[in-house]
Amino acid sequence: MTTDINTKSPEAAAVPPPGPAPVERVPQGHKRLLTRRDRITLAFMAGVPTVLHVALVWVTALASIALAFTSWDGIGFGSIKWVGLENFKQLFSDNPQFWPAVEHNIIWFVVLILIPTPLGLFLAVQLDKNIRFSRVYQTAFFLPVVVSLAVTGFVWQLVYNPDTGLINSLIGANKPGHYIDWIGDPKLNLWAVLIAASWRHTGYMMILYLAGLKGVDPSLREASSLDGANEWQTFKNVIFPTLRPTNTVVLVVTIIEALRAFDLVFVFNKGAQGTELLSILITNNIIGESSRIGYGSAIAVVLLVISLAVIIPYLIATFRKERRA
């Protein structure tokens, strides 16, 4: 009996199996993820906003600081004269409108923090209960924030009109000899503008607080309810303390709103007759009839310092909180 033993020679073993030949991968180095066109597009999209931001924000801010120490009428750069601290000395001692403007900005902040802020919180608490038509109410209350301040000013001018205005018509003060000039009377016009500003600011505060309330853990409400606390006790002892970050944002936003107040006052009466504000003084001195750019820049620097005194501590506290997290 014979047995055939098949053995493969080395040449036979080296023959590849039938089928498509494997493709050998050749290293090609680092493959570019972005084409030249992509890089140009990204550079354009990032470069143009950066250039505009630097030119319109940083360059103008630094130029304003430099011009605050000069005297310039805006006609030719050769007329710029260095005066040092003279503009600031004149501002603090010889300008009869400066300290009333500072007082009005402070009043603006106090009114915004005492009236529309609690009212916005109250509206946010009510809307957080998921009442019927809550979306409609949110839209209605937030609509004044979306509308331009200039448009808001024109609307409230119609409301305050001494002859055909809504308020005088309701109280019977639209007859000759009984007119109430809400805009022209120096004792009333600032408060009239503040009512319009509060009307708008309430919706802003409502949205901020509503966003904060949506982030409250529902288990806190349930635990408080199990402990026998009523709705007011739950809000005061449980909900409101958790809104501390929102309260910080609300405070900073309100201060900024009080410092940059301009549109409503300018539309009403251009900041005259008892409605002077720092922003109005800056505008009147830089682009007004006198065109005292150096003096107006000095007022702008004062407003910038006040703003930074509020914003920098807030940023420091925010960055510290992020690092701890």
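Residues numbered from 1 in each chain as written. Predicted model: local features only at pLDDT ≥ 70, side-chain atom pairs only at ≥ 80, totals over all residues. Heavy atoms only, no water.

Novice: How would you explain helix H12 (residues 244–259) if you had to name every residue and give the values?
Specialist: Taking 1.5 Å of rise per residue, 16 residues should cover 22 Å, and H12 covers 23 Å from first to last C-alpha, within 8% of that figure. Summarising the contacts, the buried residues of H12 are in contact with helix H4 (98–114), helix H5 (116–127), helix H9 (189–214) and helix H15 (293–324). (Helix = DSSP H or I, 4+ residues; strand = E, 2+ residues; numbered from the N terminus. Expected span 1.5 Å × (residues − 1). Contact = heavy atoms within 4.5 Å.)

Novice: Which residues make up the packing of aromatic side chains, and what values do they have?
Specialist: Aromatic rings in a pair are described by how distant their centres are and how their planes are angled relative to each other. Counted according to the given criterion, the structure contains 13 aromatic pairs. Ring centres of Phe-69 and Trp-82 lie 5.8 Å apart, and the angle between their planes is 20 degrees; this geometry places the pair in the stacked category. With Phe-69 in the loop between helix H2 (36–67) and strand S1 (70–71) and Trp-82 in strand S2 (residues 81–82), this pair connects stretches of sequence that are 13 residues apart. Look at Trp-82 and you get exposed, because its relative accessible area is 66%. Members of the aromatic cluster, joined through ring pairs, are Trp-156, Tyr-160, Trp-182, Trp-199 and Phe-268. Against the face of Phe-266 rests Lys-270, its NZ or CZ located 5.5 Å from the ring centre. One cation-aromatic arrangement involves Arg-292 over Tyr-295; the distance from NZ or CZ to the ring centre is 4.2 Å. (Phe/Tyr/Trp six-rings, centres within 6.5 Å; stacked < 30°, edge-to-face > 60°. Buried < 20%, exposed > 50% of the residue type's maximum accessible area, 1.4 Å probe, protein only. Lys NZ or Arg CZ within 6 Å of the ring centre and 35° of its normal.)

Novice: For the confidence of the model for the protein, give the residues involved together with the corresponding values.
Specialist: Chain-level pLDDT for the protein is 85 on average; 90% of the residues reach the 70-or-more range. Ranking the helices and strands of the protein by mean pLDDT puts H5 first, with 94, and helix H1 (residues 10–14) last, with 48. This model gives residues 1–13 a pLDDT under 50, and the stretch forms zero contacts once residues within four places in sequence are excluded. (pLDDT = per-residue confidence, 0-100.)

Novice: Mind laying out the environment of Ser-169, listing which residues take part and the relevant values?
Specialist: The residue Ser-169 is located in helix H8 (residues 166–171) in this model. Given the relative accessible area of 38%, Ser-169 is considered partly exposed. Separated by 10 residues in the primary sequence, Ser-169 and Val-159 place their C-alpha atoms 9.5 Å from one another. Filtering out sequence-adjacent residues up to four positions away, Ser-169 remains in contact with Thr-164 and Asn-174. There is a polar contact of 2.7 Å between the side chain of Ser-169 and the backbone oxygen of Gly-165. (Polar contact = N/O pair within 3.5 Å; in protein donor to acceptor, adjacent residues only side chain to side chain.)

Novice: Now, about empty space enclosed by the protein: what can you tell me, with residues and values included?
Specialist: Under the criterion given, the structure shown has one cavity of 30 Å³ or more. Estimated volume of the largest cavity: approximately 140 Å³. Those elements that provide at least two residues to the lining of the largest cavity are H4, H9 and helix H13 (263–269). Residue contributions to the lining of the largest cavity peak at three residues, all from H9. Its residues placed into classes, the lining of the largest cavity shows seven nonpolar, one polar and four charged. (1 Å grid on protein atoms, 1.4 Å probe; cavity = no way out; pocket = protein on both sides within 12 Å on 5 of 7 lines; lining within 4 Å. Points joined across faces, edges and corners; volume = space filled by probe spheres on them. Nonpolar A, V, L, I, M, F, W, Y, C, P; charged D, E, K, R; others polar.)

Novice: Mind laying out the environment of Ala-197, listing which residues take part and the relevant values?
Specialist: Positionally, Ala-197 belongs in helix H9. C-alpha of Ala-197 to C-alpha of Asp-263: the two residues are 66 residues apart in sequence and 10.0 Å apart in space. The residues contacting Ala-197, other than those within four sequence positions of it, are Trp-108, Leu-112 and Leu-264.

Novice: Could you give an account of unusual backbone geometry, with specific residues and numbers?
Specialist: One non-glycine residue, Phe-133, lies in the positive phi region at around 60 degrees. Positionally, Phe-133 belongs in the loop between H5 and helix H6 (134–146). Phi is positive for Lys-270, close to 60 degrees, though the residue is something other than glycine. Summarising the element assignment, Lys-270 is placed in the loop between H13 and helix H14 (278–286).

Novice: An account of the nonpolar core is needed here, citing residue identities and associated values.
Specialist: Formed by 23 residues in total, the largest nonpolar core has its most connected members in Trp-108, Tyr-160, Leu-264 and Phe-268. Those elements that place two or more of their residues in this core are H4, helix H7 (149–160), H9 and H13. A per-element tally of this core places H9 first, with six residues. In this structure Tyr-160 touches Ile-167, Trp-182, Ile-183, Ala-192, Ile-195, Ala-196 and Phe-268, once residues within four positions along its chain are discounted. (Core = buried A, V, L, I, M, F, W, Y, C linked by side-chain atoms within 4.5 Å.)

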